[in-house]
Amino acid sequence: MRDHEGRRAAAGRRRPALLAAALALALLLLAACSGGPPDDPAPPAELGWGFTHTQHSADAGEDRAVRRARATLEGTGLPQVQHLMGWGSANPEPRPGTYDFAAMDRRIALAEETGATPVITLCCAPDWMKGGREGRTDWSTRSLERAPDPEHFADFAELAATTARRYPQVRHYLVWNEFKGFWNEAEGRWDHEGYTELYNQVRRALKEVDPALRVGGPYLVMDSFPPGRTEGASREVRGDWGALDRRTVDAFRYWNRHKDGADFVVADGSSYTTDGELVPDAFAATAKFTDVGRWVREETGGLPLWWAEYYVEPGDADDQRAGWPEPRRRAVHAAGLAALARGGATTAFYWNPERTTTPCPGCLWRPTHLPDGGTPLPMLDLLARFQREFGPGTRFTSVPGDTSPGLTVLADDHATLIVNHRPTARTVRVAGARVRLEAYEVRWLERG
């Protein structure tokens, strides 16, 4: 009975959205008949290099540290992603038709106040949409990562539309996260049919709010196996790093063939295998990003490619990445960014592992819960420089220089990125210049 009532209530809540969509269409037709363009042009489908907010960010902590972190982010040009539920956001609809966007408001305001383009990942779902009780939120991983039940897909789509109406300044939406909850246990594969149905319903609901909104998916994890494994491995998408899981290829192709449309395509994944292996090594393994990116672009006919998450350092049992010294982390990450760009990515988001204490390996700024927090850390400098030099529209060029192993070089007409893979210093010649590189050094050269 509750499910029947939920669907009826959802239909009632959708009436204002349908009326708003009809009004928007009428205004667009009026603009077309008058010969003038609509007042709100379509936003770009490519945003560049940014980061995702997680549980802790610069919206909370010591007052001075928070102000310092906000000042640190201003002017970086990094787009910022916030999830709808979890990772710093509360349950947005604990009961049908009852909303709590307070935490989300703070995160969107943080992005705006620091001059960033805000992006929303539409995950996860309130408990009552997935078998839980109304008014109660179970924050366990098992519950959070459960997908809405099919009979509540329409309710989740309406929640997405409500979110879009609340934040008209947000023009970009990612649908769901890593196929969470979409696994076909009986057949041992992804439930790509279920995800695609949810995606299509959410996309239609968002486009009813505003046809100019940019919506993408499938945010599928590009899992891979090491070289030599044949069982379950793709024969098409492979390299020295290994091969994609064939079930991932099947799921991606199903979504691509049955989606109602997409403004961009979203990938997710790591340079290492499902067993945490970096093949042939940490730097060379990043070629996976290039190979997978090119395949995805070919499959979709050249849709703008976004990486919602990308990882180059294997996590421990708690999915924490703290085993590398910061210079090595920064160097491998720089090589990973270059590999993403070579694969055709024009947008990618670093999963910011902020915490309230130090040390904070891989963090973008010193934790704001510390009195002296908020100052930039090496990863933020790398991301901001990469965005400034190699943002959307960059045309990469080849440069004459050292072709010996252990070196990453990426360049356009204005700048050259050089990464030393070695734990020792060396001298190389790049772009006509003789360059002395320290161990794991990341160097930028200006080009005339």
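Conventions we followed
Residues numbered from 1 in each chain as written. Predicted model: local features only at pLDDT ≥ 70, side-chain atom pairs only at ≥ 80, totals over all residues. Heavy atoms only, no water. Helix = DSSP H or I, 4+ residues; strand = E, 2+ residues; numbered from the N terminus. Rg over C-alpha atoms; globule rule 2.2 N^0.38 Å. Buried < 20%, exposed > 50% of the residue type's maximum accessible area, 1.4 Å probe, protein only. Salt bridge = Lys/Arg side-chain N within 4 Å of Asp/Glu carboxyl O. Axes fitted to C-alpha atoms, helices over the stretch in contact; angles between N-to-C directions. Left-handed = near helix turned anticlockwise from the far one by under 90°. Contact = heavy atoms within 4.5 Å. Nonpolar A, V, L, I, M, F, W, Y, C, P; charged D, E, K, R; others polar. UniProt positions renumbered as here; feature names shortened; annotations may be inferred. Parallel < 35°, antiparallel > 145°, perpendicular 65-115°, else oblique. Pairing = 2+ DSSP bridges. Disulfide = S-S within 2.5 Å.

Attention shifts here to the overall build of the chain. Within the chain, the regular secondary structure consists of 10 helices and 18 strands. On C-alpha atoms alone, the chain measures out to a radius of gyration of 22 Å, which is about the 22 Å that the 2.2 N^0.38 rule sets for 448 residues. Across its three principal axes, the chain shows a C-alpha extent of roughly 70 × 55 × 55 Å. Counting only residues that meet the buried cut, the chain has 56% of its 448 residues in that class.

Next up on the list: the pattern of salt bridges. With the rule as written, the count across this model stands at 23 salt bridges. Across the salt bridge formed by Asp245 and Arg247, the nearest N and O atoms sit 2.8 Å from each other. The class of Asp245 is buried, set by a relative accessible area of 5%. With a relative accessible area of 34%, Arg247 lands in the partly exposed category.

At their nearest, the axes of helix α6 (residues 192-209) and helix α7 (residues 246-258) sit 9 Å apart, and the two run at 35° to each other. The two elements α6 and α7 cross, and the hand of that crossing is right-handed. Of the residues in α7, those in contact with His192, Glu193, Tyr195, Thr196, Tyr199 and Asn200 of α6 are Asp250, Ala251, Tyr254, Trp255 and His258. Along the lines of polarity and charge, the residues of the contact of α6 with α7 split into five nonpolar, four polar and two charged.

Right, let's get into the UniProt feature "domain: Glycosyl hydrolases family 39 N-terminal catalytic" (unreviewed entry) in the chain. This chain's UniProt record puts "domain: Glycosyl hydrolases family 39 N-terminal catalytic" (unreviewed entry) on residues 98-227. From the first C-alpha to the last, residues 98-227 spans 51 Å; its make-up is 37% helix and 18% strand.

Next up on the list: the packing of α7 against helix α8 (residues 287-299). Between two packed helices, what matters for the description is the angle formed by their axes and the separation of those axes. For the pair α7 and α8, the least separation of the axes is 11 Å and the interaxial angle reads 30°. In terms of orientation, α7 lies roughly parallel with respect to α8. Considering the relative orientation of α7 and α8, their crossing is right-handed. Every residue of α8 that contacts α7 at Val249, Phe252, Arg253 and Asn256 is listed here: Trp295, Val296 and Glu299. Of the residues belonging to the contact of α7 with α8, the class tally is four nonpolar, one polar and two charged.

It is worth spelling out the sheet that holds strand β2 (residues 80-83) at this point. The pairing of strands in a sheet comes from backbone hydrogen bonds and takes either a parallel or an antiparallel form. Strand order in the closed barrel formed by eight strands is β1-β2-β3-β4-β7-β11-β12-β13, and the pairing between neighbours is parallel. On average, each strand axis in the sheet is inclined to that of its neighbour by 25°, with strand direction left out of account. Along the sheet, helix α10 (residues 378-389) contacts β1 (48-52), β12 (305-311) and β13 (345-351); its crossing angle with β1, the most-contacted strand, is approximately 150°.

Cysteine pairs can be covalently joined through their sulfur atoms, and such a bond is termed a disulfide. Applying the stated criterion to the full structure yields two disulfides. Here Cys123 is linked by a disulfide to Cys124, with a sulfur-sulfur distance of 2.4 Å. The chirality of the disulfide connecting Cys123 with Cys124 is right-handed, given an S-S dihedral of about 60°. On the basis of relative accessible area, Cys124 is assigned to the buried category, the value being 0%.

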